[in-house]
Amino acid sequence: MSESKGRTFDAKENAREYYGKELTATSDLRTTACCTTESIPAYVKEVLVEIHAEVLTKYYGCGTAFPPDLHGLRVLDLGCGTGRDSYVMSKLVGPEGFVFGLDMTTEQIDVARRHQQHMAEKFGYDRSNVKFVQDVIENMDQHFEADSLDMVTSNCVINLLEDKEPVLAKVHRLLRQGGEFYFSDVYVDRRLPDDVKIHPMLHGECLGGALYDGDFERMARNVGFPDPRLVSSRVIDLEPEVEALVNNAVFTSRTYRLWKIEGMEETCEDFGQVAIYNGGHPEGKDRYTLDKEHVFDRGRPERVCGNTVKVLTESRLAPFFTVHGDFSTHYGLFTGCGTEAFNRLGSNDDDAGCGC
Ligand SMILES: C[S@@+](CC[C@H](N)C(=O)[O-])C[C@H]1O[C@@H](n2cnc3c(N)ncnc32)[C@H](O)[C@@H]1O
């Protein structure tokens, strides 16, 4: 519960009301903030054709909040809504994997649950590999054990939470070593004034609660994700009447990946290491994009910082990469990366993030 000029605002109540009563379909949204306007990758498109229409018509996500290589993983989808992403991931994890969808809003989760049997049959599974849990995200640790999940995802939800840092800390706790938090959300280039934060429509549309990107990266570092990696970023075009309410603030829809890997540093450091993509990853036989700054062509050696080496050797990506060099000799800061890139945040540079 927050307060401004004598007015109280309950973020959970507002989100519950907005997604339970105010909106009945994607077409009811007043802005494009909770819309996926970027092109949808083939690995998602291929599955979307199999998803029940009722699930799709109530989709309020803002990006592609999960990668293609999910086979066999145990995944948690925070704020799953009617389950569009949970069901796409149900197909991608396959019968050996499992997807949990967590959402507090009855009208949303009822739709998700209604189609569980239908979706399992559609995918040819003997039994559903999805479970929908109705609760607030803040309680996630009451449903899952520490170090028990391979991946946590979330699509346009974190902005709606009142207190974000404790939630990020819980995500970190529930992930296993080598696991990742891969998620899409709305960010803003400055700290918003209180009257914008508690405006019911702006909050419901995923704008009022958007984090200043610099604060987000600091929070991530505080809870144990030292090197947040930006995957994509697009500026959200606002309608003139909405723009007038937010005083020149620039909002972006971004996808980040945060790795839980021991020993990662807050700065990208140079140990003279080189990584080679061996090919064969589901994302691309000949090219693999780790994040906005790292694209690997098969067989081509790339200089990488120590954090990238850790990601490529201590996560599920390990079978796809060969790394040369170790951590025995340090050559200083990895140029254009880490602290240097962190300090550029807030300059409204779409490319902010790890630059190695
Ligand atoms: C913008 S919608 C996105 C839904 C879904 N991820 C999608 O892509 O369609 C936000 C969702 O977050 C849920 N939500 C918001 N705050 C929550 C909280 N504190 N605990 C649980 N769910 C929450 C809402 O019920 C709503 O379904």
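Because the structure is predicted, anything quoted here is derived from the model rather than measured. Position numbers for residues count from 1 along each chain, tracking the sequence in the order it is written. Totals for whole chains, interfaces and linings use all residues, but because this is a predicted model, local features are given only for residues with pLDDT of at least 70 and pairs of side-chain atoms are given and counted only at 80 or more. Each side-chain value is worked out from all heavy atoms of the structure, with water and hydrogens disregarded.

Asks: Even after reading the chapter, I still don't get helix H5 (residues 106-114), so can you show me in this structure?
Replies: Residues of H5 that are buried include every one of Gln108, Ile109, Val111 and Ala112, and no others. Looking straight down H5, one finds its buried side chains confined to an arc of 155°; they lie on one side. Residue contacts follow a heavy-atom distance rule, with two residues in contact if any of their heavy atoms lie within 4.5 Å. The secondary structure listing takes helices from DSSP runs of H or I that are at least 4 residues long and strands from runs of E that are at least 2 residues long, numbered from the N terminus. The inward-facing, buried residues of H5 abut helix H1 (11-22), helix H3 (53-57), helix H4 (84-93), strand S4 (98-103), helix H6 (116-122) and strand S5 (130-134). Exposure classes here rest on a 1.4 Å probe applied to the protein chains alone. A residue is buried below 20% of its type maximum, exposed above 50%, and partly exposed in between. Note that the arc is computed from the directions linking the helix axis to the C-beta atoms.

Asks: Could you clarify how one ought to interpret the side chain of threonine 82 in this entry?
Replies: Position of threonine 82 relative to the elements: it lies in the loop between strand S3 (74-78) and H4. Any N or O atom pair separated by 3.5 Å or less is treated as a polar contact, with the protein-specific requirement of one donor-capable and one acceptor-capable atom, and with residues adjacent in sequence counted only for side-chain atom pairs. Within the structure, threonine 82 has its side chain in polar contact with the backbone oxygen of valine 55 (distance 3.0 Å). There is a polar contact of 3.3 Å between the side chain of threonine 82 and the backbone oxygen of lysine 58. What threonine 82 contacts, discounting residues up to four positions off in sequence, is Val55, Lys58, Tyr87, Gln108, Val111 and Ala112.

Asks: Is there a simple way to explain unusual backbone geometry in this structure?
Replies: Across the chain, the bulk of peptide bonds are trans and the bulk of non-glycine residues have phi less than zero. Positive phi, normally seen in glycine, also occurs at cysteine 156, with a value near 65°. Relative to the helices and strands, cysteine 156 resides in the loop between strand S6 (149-155) and helix H7 (164-174). Given the relative accessible area of 3%, cysteine 156 is considered buried. In this structure, cysteine 206 takes a positive phi of about 75° despite not being glycine. Within the secondary structure, cysteine 206 is located in the loop between helix H9 (200-204) and strand S8 (211-212).

Asks: Honestly, the layout of surface pockets in this entry has me stumped. Any pointers?
Replies: Empty space among the atoms becomes apparent when a probe as large as a water molecule is rolled across them. A pocket, in this scheme, is an open set of points on a 1 Å grid over the protein atoms alone with protein on both sides within 12 Å along at least 5 of 7 lines, while a cavity is a set where a 1.4 Å probe fits but cannot get out; residues line either one if an atom lies within 4 Å of a point. Grid points are joined across faces, edges and corners, and a volume is the space filled by probe spheres set on the points. In this structure, the largest pocket encloses a volume near 400 Å³. At three residues, the largest contribution of residues to the lining of the largest pocket is made by strand S1 (residues 2-4). Ten residue types, Ala, Val, Leu, Ile, Met, Phe, Trp, Tyr, Cys and Pro, are classed as nonpolar, four, Asp, Glu, Lys and Arg, as charged, and the remainder, Gly among them, as polar. Grouping the constituent residues of the lining of the largest pocket by class yields 11 nonpolar, six polar and nine charged. Estimated volume of the second largest pocket: approximately 300 Å³.

Asks: Any chance you could explain H7 here in plain terms?
Replies: In an α-helix there are 3.6 residues to a turn, and that puts residues three or four apart on one side. Within the span of H7, buried status applies to Lys164, Val167, Leu168, Lys170, Val171, His172 and Leu174. Of the surrounding elements, those touching the buried residues of H7 are S3, S6, strand S7 (175-188), S8 and helix H10 (213-223).

Asks: I'm lost on the site of the ligand in this one. Help?
Replies: Among the 23 residues in the neighbourhood of the ligand, the closest are listed as Tyr60, Gly79, Asp103, Thr105 and Ile137. Contact distances for the ligand include 3.1 Å between a nitrogen atom and a side-chain N or O atom of glutamate 138. For the ligand, the accessible surface in isolation is 590 Å², of which the surrounding protein chains cover 99%. Of all the cavities here, the one that holds the ligand is the largest cavity. Looking at which element gives the most residues to the shell around the ligand, the answer is H1, with three residues. The criterion for a residue being near a molecule or strand is simple. One of its heavy atoms has to lie within 4 Å of it. Surface exposure here means Shrake-Rupley accessible area, sampled with a 1.4 Å probe, where a residue is shielded only by the protein chains that are shown. Put plainly, a molecule is in a cavity or pocket when over half of its atoms are within 2 Å of the grid points there.

Asks: Even after reading the chapter, I still don't get the packing of H7 against H10, so can you show me in this structure?
Replies: Two measures define how a pair of helices packs: the angle their axes make with one another and the distance between the axes. Interhelical geometry of H7 versus H10 gives an angle of 45° and a closest axis separation of 9 Å. Between H7 and H10, the interaxial angle falls into the category oblique. The crossing of H7 and H10 is right-handed. Residues Lys164, Glu165, Leu168, Ala169 and His172 of H7 form the contact with H10, whose own contacting residues are Phe216, Met219, Ala220, Asn222 and Val223. Looking at the contact of H7 with H10 residue by residue, the classes come out as six nonpolar, two polar and two charged. For helices, the axis comes from a line fit to the C-alpha atoms of the stretch in contact; other axes are also lines fit to C-alpha atoms, and the angle between any two N-to-C directions lies between 0 and 180 degrees. With respect to orientation, any angle under 35 degrees is reported as roughly parallel, any angle over 145 as roughly antiparallel, any angle of 65 to 115 as roughly perpendicular, and every other angle as oblique. Crossing handedness is read from the near helix: turned anticlockwise from the far helix by less than a right angle, it gives a left-handed crossing, and turned clockwise, a right-handed one.

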